[in-house]
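One letter stands for each residue in the lines below.
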Amino acid sequence: MKKLVGVYSVLLGISIMGLWTMLLTTGNVPELDTEPICLYFHLTAEILMGILLVLSGIGLIKKSRWGKSLFVLSTGMVIYSVINAAGYYANNSEWTMVIMFMVILVLSILFTLVQFKDYL
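Residues numbered from 1 in each chain as written. Predicted model: local features only at pLDDT ≥ 70, side-chain atom pairs only at ≥ 80, totals over all residues. Heavy atoms only, no water.

Asks: Which residues make up the packing of aromatic side chains, and what values go with them?
Replies: All chains considered together, the criterion is met by three aromatic pairs. Ring geometry for Tyr88 against Tyr89: centres 5.1 Å apart, planes inclined by 90°, an arrangement best described as edge-to-face. On the accessibility criterion, Tyr89 (13% relative accessible area) is buried. An aromatic cluster of at least three residues, connected via ring pairs, comprises Tyr88, Tyr89 and Phe101. The ring centre of Phe116 lies 5.3 Å from the NZ or CZ of Lys68, which sits over that ring. (Phe/Tyr/Trp six-rings, centres within 6.5 Å; stacked < 30°, edge-to-face > 60°. Buried < 20%, exposed > 50% of the residue type's maximum accessible area, 1.4 Å probe, protein only. Lys NZ or Arg CZ within 6 Å of the ring centre and 35° of its normal.)

Structure, rendered in structure tokens:
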């Protein structure tokens, strides 16, 4: 199961960074013009989250001691981020994106619980 969670973490981290790359290169980030400072801080958090997800996934796949702890940290970032992003897209009536973020939310919570099943 740790390998599956690790693969999920790596794929999610790469996907987040890929999504932002696509949005920025296609000019689909209006906040770049309206709220650039806020966006730069947001992008910093998102890229950091993506990097931590990839690293934690690698740690879980390699069964490193730090993998689980880093996964919990990065998944905490994901949980906050997807709730926030779902609100943004719901405000714009983009329901497909809201559903996608809610699926990521549920998977992230479930995989975090799986990591701590021995403690529950």
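Asks: Quick one: what's the story with the nonpolar core, residue by residue and with numbers?
Replies: In this structure, Leu12, Trp20, Val78, Phe101 and Ile104 are the most contacted members of the largest nonpolar core, which totals 24 residues. If you list the elements that add at least two residues to this core, you get helix H1 (2-25), helix H3 (36-61), helix H4 (65-91) and helix H5 (95-115). In contact with Trp20, other than residues within four places in its own chain, are Val29, Leu39, His42, Leu43 and Glu46. (Core = buried A, V, L, I, M, F, W, Y, C linked by side-chain atoms within 4.5 Å. Helix = DSSP H or I, 4+ residues; strand = E, 2+ residues; numbered from the N terminus. Contact = heavy atoms within 4.5 Å.)

Asks: Describe in detail a positive patch on the surface, supporting the description with residues and values.
Replies: A cluster of basic residues, Lys2, Lys3, Lys63 and Lys117, forms a positive patch on the protein surface. Looking at the secondary structure, you find Lys2 in helix H1. (Patch = residues over 30% accessible without salt bridge, like charges linked within 9 Å, V, L, I, M, F, W, Y side chains within 5 Å. Areas by Shrake-Rupley, 256 points an atom, 1.4 Å probe, with all protein chains shown as cover. Salt bridge = Lys/Arg side-chain N within 4 Å of Asp/Glu carboxyl O. Lys, Arg positive; Asp, Glu negative; His and termini not counted. Charge placed at Lys NZ, Arg CZ, Asp CG, Glu CD.)

Asks: Quick rundown of unusual backbone geometry? Include the residues and the values.
Replies: For Lys63, which is not glycine, the phi dihedral falls at a positive 60°. Looking at where Lys63 falls in the secondary structure, it is placed in the loop between H3 and H4. Residue classification places Lys63 among the exposed positions, given a relative accessible area of 71%. For Ser93, which is not a glycine, the phi torsion comes out positive at approximately 55°. The topology assignment puts Ser93 in the loop between H4 and H5.

Asks: Describe in detail the packing of H1 against H4, supporting the description with residues and values.
Replies: Interaxial distance between H1 and H4 falls to 12 Å at its minimum, and their mutual angle equals 45°. It follows from the interaxial angle that H1 and H4 lie oblique. Crossing of H1 against H4: the hand is left-handed. Across from Lys2, Val5, Ser9, Leu12 and Leu23 in H1, the residues of H4 making contact are Lys68, Phe71, Val78 and Tyr89. Looking at the contact of H1 with H4 residue by residue, the classes come out as six nonpolar, one polar and two charged. (Axes fitted to C-alpha atoms, helices over the stretch in contact; angles between N-to-C directions. Parallel < 35°, antiparallel > 145°, perpendicular 65-115°, else oblique. Left-handed = near helix turned anticlockwise from the far one by under 90°. Nonpolar A, V, L, I, M, F, W, Y, C, P; charged D, E, K, R; others polar.)

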